[in-house]
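Residue-level structure breakdown
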Amino acid sequence: MKNLGKQIQILALCAVTVLFVTACGGQESKTEETTTTTTEETTIETASDTTMDTAMAGGGMMAHMHQNMEEMQGMKANMTGDPDYDFALMMTHHHQGAIRMADEEIANGTDAKMKEMAQKTKTSNQADIQKLQAFTSKHTPAKGDTTTTMRMMHPMNRMMQQMHQQDMSNMNTDQNFATMMIHHHQMGNEMSKEFLKIGKTQEMKQMAQKTIDQQTKEIKELEAWQQQNKE
């Protein structure tokens, strides 16, 4: 009888264990995507904090990039889940960051080629902002899953990590501008590519492709200048 009692206790314990594991497995399945998103967002925010610590090393350009990152982090509350509307918001902030860096180069740079590129960047980004803002003013966002549209911000994390690996303390304004604008354009291209996977309207898809084409060309020009102006 004692052995039978022990066997019943063991069987009961096994049953409870199975139920517990099953319940945990179901809960894990439901929360897996949320946990992944939260972890990625935390990583981005941590990287953004680190950017503040290294902002002085990159002078005004790094500080402008950090401000741009913080602005994009701050727009989370305005995300709607509508991919086209959210992309327009993100790219507006992204372009504003480029304009600030261009203004820094125009004011303090000494290289004619870089100052010319800065002016071109400022002019084109100002025009794009007007189009993006016109779109958000007329487009009523459809409610959707913000987790999906937040993926467009994930390239920020990779770009910031790359920036932290560079020593910019000995660079002048022109070199800082070229380096930071390459990172900035790469981030914009990645955001645009993510959007093209989920975008709905032809207008924003065309804007995204235009951004990729234009910024890819500028990245090549900036990299060519860097090769010709190595320290």
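Refer to the preceding data block for the structure.
Note that this is a predicted model, so its numbers are computed, not measured. Every chain is numbered on its own, with residues counted from 1 as its sequence reads. A pLDDT threshold of at least 70 governs which residues receive local features in this predicted model, and a stricter bar of 80 or more applies before side-chain atom pairs are shown or counted, although totals over entire chains, interfaces and linings include all residues. Side-chain measures were taken over the full set of non-hydrogen atoms in the model, leaving aside hydrogen atoms and water.

So, the overall build of the chain
Here a helix means four or more residues in a row that DSSP labels H or I, a strand means two or more in a row labelled E, and each is numbered from the N terminus. When you go through the chain residue by residue, the secondary structure sums to 8 helices and 0 strands. Mapped in sequence order, the helices and strands of the chain form the string α-α-α-α-α-α-α-α. Here's how the labels work: a residue is buried when its accessible area is under 20% of the maximum for its type, exposed when over 50%, partly exposed in between, all with a 1.4 Å probe on protein chains only. Burial analysis of the chain (231 residues in total) assigns 41% to the buried set. Any two residues whose heavy atoms approach within 4.5 Å at even a single point are treated as in contact. A fraction of 79% describes how many contacts in the chain between residues 6 or more apart in sequence connect residues 24 or more apart. For the chain, the accessible surface area stands at approximately 12,400 Å², while carbon and sulfur atoms represent 54% of it. A 1.4 Å probe and the Shrake-Rupley method give the accessible areas. Residues count as covered only by the protein chains that appear here.

Section: empty space enclosed by the protein
Grid spacing is 1 Å over the protein atoms alone, the probe is 1.4 Å, and a cavity is where that probe fits but cannot get out, while a pocket is an open set with protein on both sides within 12 Å along at least five of seven lines and lining residues have an atom within 4 Å of a point. Grid points are joined across faces, edges and corners, and a volume is the space filled by probe spheres set on the points. Going through the model one piece at a time under the given rule, you end up with 1 cavity of 30 Å³ or more. Counted as a void, the largest cavity has a volume near 60 Å³. As for the largest cavity, its lining consists of His 95, Ser 124, Asn 125, Asp 128, His 185, Lys 210, Thr 211, Gln 214, Gln 215 and Glu 218. Within the residue set of the lining of the largest cavity, elements represented by two or more residues are α4 (112-138) and α8 (202-228). When residues of the lining of the largest cavity are assigned to their parent elements, the largest contribution, 5 residues, is made by α8. Note that Gly is not counted as nonpolar here; it falls among the polar residues with everything else outside the nonpolar set of Ala, Val, Leu, Ile, Met, Phe, Trp, Tyr, Cys and Pro and the charged set of Asp, Glu, Lys and Arg. A per-class count over the lining of the largest cavity returns no nonpolar, 7 polar and 3 charged.

Points about the layout of surface pockets
Volume-wise, the largest pocket comes out at about 230 Å³. For the largest pocket, the lining is made up of 10 residues, of which Met 171, Thr 179, Gln 226, Asn 229 and Lys 230 are closest to its centre. Secondary structure elements with two or more residues in the lining of the largest pocket: α7 (173-198) and α8. With 4 residues, the top contributor of residues to the lining of the largest pocket is α8. Of the residues belonging to the lining of the largest pocket, the class tally is 2 nonpolar, 5 polar and 3 charged.

Focus on the packing of aromatic side chains
Between the rings of Phe, Tyr and Trp (Trp by its six-membered ring), a pair exists once the centres lie within 6.5 Å; its type follows the angle of the planes, with under 30 degrees stacked, over 60 edge-to-face, and the other angles tilted. Summed over all chains, the structure comprises 1 aromatic pair. Seen from their ring centres, Phe 87 and Phe 195 are 4.3 Å apart, and the 15° between their planes marks the pair as stacked. With Phe 87 in helix α3 (residues 83-108) and Phe 195 in helix α7, this residue pair connects regions lying 108 residues apart in the sequence. Owing to a relative accessible area of 0%, Phe 87 belongs among the buried residues under this scheme. Accessibility expressed as a relative area gives 0% for Phe 195, which makes it buried.

Brief notes about the environment of Leu 196
The residue Leu 196 is located in helix α7 in this model. Taking the relative accessible area as the measure of exposure, Leu 196 reaches 31% and is therefore partly exposed. A C-alpha to C-alpha distance of 9.9 Å links Leu 196 and Met 152, two positions 44 residues apart in sequence. Excluding residues that lie within four positions of it along the chain, Leu 196 makes contacts with Lys 205, Ala 208, Gln 209 and Ile 212.

Quick word on the packing of α4 against α8
Where α4 meets α8, the axes come as close as 12 Å, and the angle between the chain directions of the two elements is 170°. Relative to α8, the element α4 is oriented roughly antiparallel. Between α4, through Lys 113, Met 114, Met 117, Lys 120, Thr 121, Ser 124, Asp 128, Lys 131, Leu 132, Phe 135 and Lys 138, and α8, the contact on the second element is made entirely by Glu 203, Met 204, Met 207, Lys 210, Gln 214, Glu 218, Glu 221, Leu 222 and Trp 225. Taken together, the residues that form the contact of α4 with α8 break down as 8 nonpolar, 3 polar and 9 charged. With axes taken as lines fitted to C-alpha atoms, and helix axes fitted only over the stretch in contact, angles between N-to-C directions fall between 0 and 180 degrees. If an angle is under 35 degrees, it is roughly parallel; if it is over 145, roughly antiparallel; if it lies from 65 to 115, roughly perpendicular; otherwise it is oblique.

Section: α3
The first and last C-alpha atoms of α3 sit 38 Å apart over 26 residues, in line with the 38 Å expected at 1.5 Å per residue. N or O atoms closer than or at 3.5 Å make up a polar contact, with two conditions inside protein: a donor-capable atom paired with an acceptor-capable one, and, for residues adjacent in sequence, both atoms drawn from side chains. Where α3 starts, the residue carrying a side-chain oxygen 3.0 Å from the main-chain nitrogen of Asp 84 turns out to be Asp 82. Given the number of residues in a helix, its expected span is that number minus one, multiplied by 1.5 Å.

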